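Notes for the structure review
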Amino acid sequence: MKLQFATDFHAAETCFRKFLNSAKFYGADALIGGGDMIGKMVIPIIEQANGHYEATYYGSTVHIRTQHDLEALQRNLRNAGFYSIITTPAALAKDTAADAERITTEQAKAVLKGWIDLADERLTAQGIPCVMMAGNDDPYYIDEIMASGTHVLDGAGKVVDIMGLEVLSVPQAIHSPFKYPRDVTEEEMATIIDNLAAQVKDMSTCIFNIHIPPYDTDCDVGTLYNDDLSPVVDGGELAMDHVGSKAVRAAIEKYQPLLSLHGHIHECQGVSQIGRTVCINPGSDYDQGTLRGALITIDQGKLDYTLTAG
């Protein structure tokens, strides 16, 4: 049996579509998604008095003169994980923080619903089972959409069956300066995992799908941030350290599942072994249109893996 795992799509259209196609491309029998589905911001595309448009993102302003270029910009923004809205300088000046939140929510819901519908259509036709979940970045308003699939399973906070394997999925992460919606304490994380582990019938074939990786491994080295969300700089370079969850590590040590899949820390592509458990974080380059993943082969309790990118 082959599984393809990927995570941290953050509304990037190309990346998610590659995920849906990856089972066929890699010859996988099932797909597992590790969370963080929605994008981080809406980019205003501002109509000018001369009929042209301007948009600023990644610190640069682009000038759009034709309808063809406007459509290309909108595609590029979607592929990088941004939402966009066409507006005018006057309308933009009137928008409040509440307006920005409303627009972001509307766009996030619409894109995610389209993704779930597309996944249902394509994976049903291919006969490929799939379990996905939210991540700690994702607001709770997406839960209803995640659960709306008729073929795709929403695994968040559940133990679900994929071709005879139990998949235990946890979307939460531990608290950080970013204060994301599903951040919890280490104690709360331990309780969440323990409650789900009690439902597992056979840990020897169980897969943990936990968004945040275990602490002090090759899967959890990430950039450190100050309370004002600026990166910590040490000696002119970004400071890096282990930023995973101690509760997740303790749970893996205690329960020893066959496999533990993680994301959350985009810059950390790594594999570690804790006891008998293989832990994998494939990393994420969603904004570059690259799908990072892991192709895992399970044969009579034995496990092999290949980190993938494309």
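Keep in mind the model is a prediction, meaning the values are calculated, not measured.

Put simply, helix α6 (residues 186–197) and helix α7 (residues 246–255) touch, their axes get as near as 8 Å, and they point 30° apart. On the basis of their axis angle, the class for α6 and α7 is roughly parallel. Considering how the two elements wind past one another, α6 and α7 form a crossing that is right-handed. Only K246, A247, V248, A251, K254 and Y255 of α7 make contact with α6, whose side of the interface consists of E186, M189, A190, I193, D194 and A197. For the contact of α6 with α7, the class distribution of residues is eight nonpolar, no polar and four charged.

Applying the stated criterion across every chain, the model contains 10 aromatic pairs. Both rings, one in F16 and one in F19, keep their centres 6.0 Å apart while their planes meet at 45°; by these two values the pair is tilted. Of this pair, F16 and F19 both sit in helix α1 (residues 13–26), three residues apart, which is roughly one turn of that helix. The exposure classification of F16 matches that of F19, with both residues buried. Taken together, F9, F16, F19 and W115 form an aromatic cluster joined through their ring pairs. The ring of Y140 is capped by R182, whose NZ or CZ atom sits 4.2 Å from the centre of that ring. Of note, K246 hangs over the ring of Y215, and the distance from its end group to the ring centre comes to 5.1 Å.

On to the sheet that holds strand β19 (residues 270–274). The six strands lie next to each other as β9-β10-β13-β18-β20-β19, forming an open sheet whose pairing is mixed. The open sheet has two edge strands, β9 (158–162) and β19, and neither has a second partner. When the angles between neighbouring strand axes are averaged without regard to direction, this sheet yields 20°. Set on the sheet, α6 makes contact with β9, β10 (165–170) and β13 (206–210); between it and β10 the angle comes to about 160°.

With that out of the way, let us pick up α7. Three- or four-residue spacings in an α-helix give side chains the same orientation, since the helix completes a turn every 3.6 residues. Burial in α7 covers these residues: A247, V248, A251, I252 and Y255. When α7 is viewed along its axis, its buried side chains cluster within an angular range of 140° and face the same direction. Relative to its buried face, α7 has exposed residues pointing more than 90 degrees away, namely K246 and K254. For α7, the elements touching its buried residues are α6, β13, β18 (259–261), β19 and β20 (277–281). The residue sitting at the N-terminus of α7 and contributing the capping side-chain oxygen is S245; that oxygen lies 3.2 Å from the backbone nitrogen of A247. A positive backbone phi angle near 50° is found at Q256, which sits one or two residues after α7.

This part covers the sheet that holds strand β1 (residues 2–6). Strand order in the open sheet made by the six strands is β8-β7-β2-β1-β21-β22, with mixed pairing throughout. A strand with exactly one partner marks an edge of an open sheet, and here the two such strands are β8 (153–154) and β22 (302–309). Packed onto the sheet, α1 meets β1, β2 (30–33), β7 (130–132), β21 (292–299) and β22 and runs at close to 150° relative to β2.

Looking now at α1. Compared with an ideal rise of 1.5 Å per residue, which puts 14 residues at 20 Å, α1 spans 20 Å between its outermost C-alpha atoms and is within 8% of the ideal. Buried within α1 we find E13, C15, F16, F19, L20, S22 and A23. For α1, the elements touching its buried residues are β1, β2, α2 (67–79), α4 (97–126) and β7.

The subject of this paragraph is the side chain of N209. Considering the arrangement of structural elements, one finds N209 in strand β13. Among the polar contacts made by the side chain of N209, one reaches the side chain of S169 at a distance of 3.2 Å. What N209 contacts, discounting residues up to four positions off in sequence, is F5, I32, G33, G34, M133, V167, L168, S169, V170 and L261.

Tracing the backbone through its elements, the reader meets T217 in the loop between β13 and β14 (221–223). Here T217 is in contact with H242, R249, S272 and I274, once residues within four sequence places are set aside.

Now for the pairing of β13. Walk down a regular strand and you will see the side chains alternate between the two sheet faces. Summarising burial for β13: five of the five residues are buried, a large majority. The two faces of β13 match: C206, F208 and I210 on one face and I207 and N209 on the other face are all buried. Sheet topology note: the β10/β13 ladder contains five bridges and is parallel. Bridge pairing in β13 links L168 to F208. In terms of strand pairing, β13 meets β18 through three bridges, oriented parallel. Looking across to β18, one finds that I207 is bridged to L259.

All right, on to the nonpolar core then. Counting residues in each nonpolar core, the largest one holds 35 residues, and the members touching the most others are F9, F16, F19, M37, L112, L123 and M132. Where this core is concerned, the elements lending two or more residues are α1, α4, β7 and α5 (143–146). A per-element tally of this core places α4 first, with nine residues. Ignoring any residue separated from it by four or fewer positions in sequence, one finds L112 in contact with M37, I142, I145 and M146.

Analysis parameters
Residues numbered from 1 in each chain as written. Predicted model: local features only at pLDDT ≥ 70, side-chain atom pairs only at ≥ 80, totals over all residues. Heavy atoms only, no water. Axes fitted to C-alpha atoms, helices over the stretch in contact; angles between N-to-C directions. Helix = DSSP H or I, 4+ residues; strand = E, 2+ residues; numbered from the N terminus. Parallel < 35°, antiparallel > 145°, perpendicular 65-115°, else oblique. Left-handed = near helix turned anticlockwise from the far one by under 90°. Contact = heavy atoms within 4.5 Å. Nonpolar A, V, L, I, M, F, W, Y, C, P; charged D, E, K, R; others polar. Phe/Tyr/Trp six-rings, centres within 6.5 Å; stacked < 30°, edge-to-face > 60°. Buried < 20%, exposed > 50% of the residue type's maximum accessible area, 1.4 Å probe, protein only. Lys NZ or Arg CZ within 6 Å of the ring centre and 35° of its normal. Pairing = 2+ DSSP bridges. Arc of directions from axis to C-beta. Polar contact = N/O pair within 3.5 Å; in protein donor to acceptor, adjacent residues only side chain to side chain. Expected span 1.5 Å × (residues − 1). Core = buried A, V, L, I, M, F, W, Y, C linked by side-chain atoms within 4.5 Å.

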